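Summary of structural features
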Amino acid sequence: MSCKDIKEFILEYPNLTPDQIGRVKEHVKDCSDCSLLFKQSKEVWEVLDMWEEIEPRGDFILRFWNRVDKERKEGFSLVDLIKSLKIRWIASVALVLVSLIAFLVFSFFEHSKSDVVITEKDIEDDKILLELENDLSSETLDLLYIYGLWNEKSEGKEG
Amino acid sequence: MCTDTDIELINKVKSGDETAFSELMRRHYRGVLNYIYRFTNNRETSEDLAQEVFLRVYRSVKRYKPDAKFSTWLYKIATNVCLTEIKSKGRENNVSLDEIYQSTGEVQDQSGHSAYDVVFRKQVKDLIFDALRSLPPRERMAIILCKYEELPYEEVAEIIGCTPGAVKAYVHRGRMKLIEKLKPYLRKEVKGP
């Protein structure tokens, strides 16, 4: 067997059949690299066993049910409500998104409404602008009355 | 002693039998606790997270379909809880491999002194934890599940979400890396005269 095949067996140790163990032992007699790998791989696996297990605390079941009771007493959260309505998660996400958009739109309009404060100066400015507009309009009308439309005038000249 | 299978107990839980769930916890709590412990190296955190795992199982027990073994489903949830914990905690409780090496020396140097034993065991535990933590998550999970939980490749594959062949590759790669990490602590080759 090649070193590659033996290496695969070595890394499976100790979960090997007696036949596979025999082949590994036979191979490592004459192969120093595989022999070293076998020794180290076996030892590392044994070192891992030195990390001992821990025992659960005796009251773990009691603590668990206390935690469940506590959650029940705290009542339904929105998540629980959605769960209890058996809405699929896509519907839940859609619901949350629609709520979010509605909230943002509402708060935007609320915000823009509340921000508009009309002062007396604004009213005066508006009046000035209106007067200016009226003046410009009357001036334009006068000019039109005197000279006519630009197109008519230029066409007339050319003609 | 309850002789019901896990699936029978689950069906009882689905119909509202809480004692059946207590029995399921009695059967699997130790395994889940120790599985988490290999990820956290902290007893208190492991107890809390094990409770969290069973809470998640209890909440979603109605959705459980007996296509896979109950323990597979349970370890899948435990794995998710562990990964979330690892991500949120980052590299807390960091113990440097070099530090341990300098303070402990080689594994073969242990004496029979009891006080030394306590310190030694703690340091070996930290050393193994540190070596395992240095592995990529899948290699780490595969080794913990195969070595400590003694699960077959097929079941580990279902838990991790890959093929049994991939699990084997993870274990082999992880084992090679552990050899490199723990090499300074292994017994030295005794040379002949």
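Every chain's residues receive numbers from 1 upward, in the order its sequence appears when written. Chain letters start at A and ligand numbers start at 1, both assigned in the order the entries are written. In keeping with the model being predicted, local features are shown solely for residues with a pLDDT of at least 70 and side-chain atom pairs are shown and tallied solely at 80 or more, while totals for entire chains, interfaces and linings include all residues.

Observations regarding the overall build of chain A
- Working definition: helices are DSSP H or I runs of at least four residues, strands are E runs of at least two. Numbering for both runs from the N terminus. Across its full length, chain A holds 8 helices and 0 strands.
- Beginning at the N terminus, the succession of helices and strands in chain A can be written as α-α-α-α-α-α-α-α.
- Around each residue's C-beta, the other C-beta atoms within 10 Å are counted; 20 or more make the residue buried, 12 or fewer make it exposed, and counts in between make it partly exposed. All C-beta atoms are placed from the backbone. Within the span of chain A, comprising 159 residues, buried residues form 8% of the whole.
- Taking all contacts inside chain A whose residues are at least 6 apart in sequence as the whole, residues at least 24 apart take part in 50%. Note on contacts: residues are paired as contacts if their backbone-placed C-beta atoms lie within 7 Å.

Things to note about the overall build of chain B
- Check the secondary structure of chain B and you find 9 helices and 0 strands.
- The order of α-helices and β-strands along chain B, N terminus first, is α-α-α-α-α-α-α-α-α.
- Per-residue burial over chain B gives 33% buried out of 193 residues.
- Counting contacts in chain B only where the partners sit at least 6 residues apart, residues at least 24 apart contribute 62% of the total.

Observations regarding the interface of chain B and chain A
- Contacts between chain B and chain A engage 28 residues on the former and 19 residues on the latter.
- Broken down by secondary-structure element, the contributors of at least two residues to the side of chain B that touches chain A are helix H2 (18-40), helix H3 (43-59), helix H6 (114-133) and helix H9 (164-182) of chain B.
- The residue classification treats Ala, Val, Leu, Ile, Met, Phe, Trp, Tyr, Cys and Pro as nonpolar and Asp, Glu, Lys and Arg as charged. All others, Gly included, are polar. Considered class by class, the residues forming the side of chain B that touches chain A number 15 nonpolar, 4 polar and 9 charged.

Topic: the environment of Leu135 of chain B
Residues and elements named next belong to chain B.
- Considering the arrangement of structural elements, one finds Leu135 in the loop between H6 and helix H7 (137-148).
- A tally of 20 C-beta atoms within 10 Å means that Leu135 is categorised as buried.
- Linking Leu135 and Tyr170, residues 35 residues apart in sequence, is a C-alpha distance of 9.9 Å.
- Excluding residues within four positions of it along the chain, Leu135 makes contact with Arg140, Gly174 and Lys177.

Some points on the packing of H2 of chain B against H3 of chain B
All names here are of chain B.
- To obtain an axis, a line is fitted to C-alpha atoms, over the contacting stretch when the element is a helix, and the angle between two such axes runs from 0 to 180 degrees between their N-to-C directions. Close contact between H2 and H3 brings their axes to 8 Å; oriented N to C, the two are set at 135°. Relative to H3, the element H2 lies oblique. In the crossing of H2 with H3, the sense of the turn from one axis to the other is right-handed. Side by side, H2 and H3 meet where Phe21, Met25, Tyr29, Val32, Leu33, Ile36, Tyr37 and Thr40 of the first sit next to Arg43, Thr45, Ser46, Glu47, Leu49, Ala50, Val53, Phe54 and Tyr58 of the second.
- Here the residues of the contact of H2 with H3 sort into 12 nonpolar, 3 polar and 2 charged. Angle categories are assigned with fixed cut-offs, so that under 35 degrees is roughly parallel, over 145 is roughly antiparallel, 65 to 115 is roughly perpendicular, and the rest are oblique. By convention, the crossing between two helices is left-handed when the near helix turns anticlockwise from the far helix through less than a right angle, and right-handed when the turn is clockwise.

Some points on the packing of helix H4 (residues 70-89) of chain B against helix H8 (residues 153-160) of chain B
Residues and elements named next belong to chain B.
- Packing of H4 against H8 leaves a shortest axis separation of 8 Å and a crossing angle of 45°. The angle between H4 and H8 falls in the class oblique. Remark: the crossing between H4 and H8 carries right-handed chirality. On H8, the residues that touch Thr72, Tyr75, Lys76 and Thr79 of H4 are Glu155, Glu158 and Ile159.
- Classifying every residue of the contact of H4 with H8 gives 2 nonpolar, 2 polar and 3 charged.

A few points about unusual backbone geometry
- Look at the link from Tyr13 of chain A to Pro14 of chain A: it is a cis peptide, with omega at 10°.
- Within the fold, Pro14 of chain A resides in the loop between helix H1 (3-10) and helix H2 (18-30).
- Residues other than glycine seldom take positive phi values, yet Asn41 of chain B does so here, at roughly 60°.
- Here Asn41 of chain B shows up in the loop between H2 and H3.
- Residue Asn41 of chain B is classed as partly exposed on the basis of its C-beta count, with 19 C-beta atoms lying within 10 Å.
- Positive phi values are uncommon outside glycine, yet Glu150 of chain B reaches one of about 55°.
- Its location among the elements puts Glu150 of chain B in the loop between H7 and H8.

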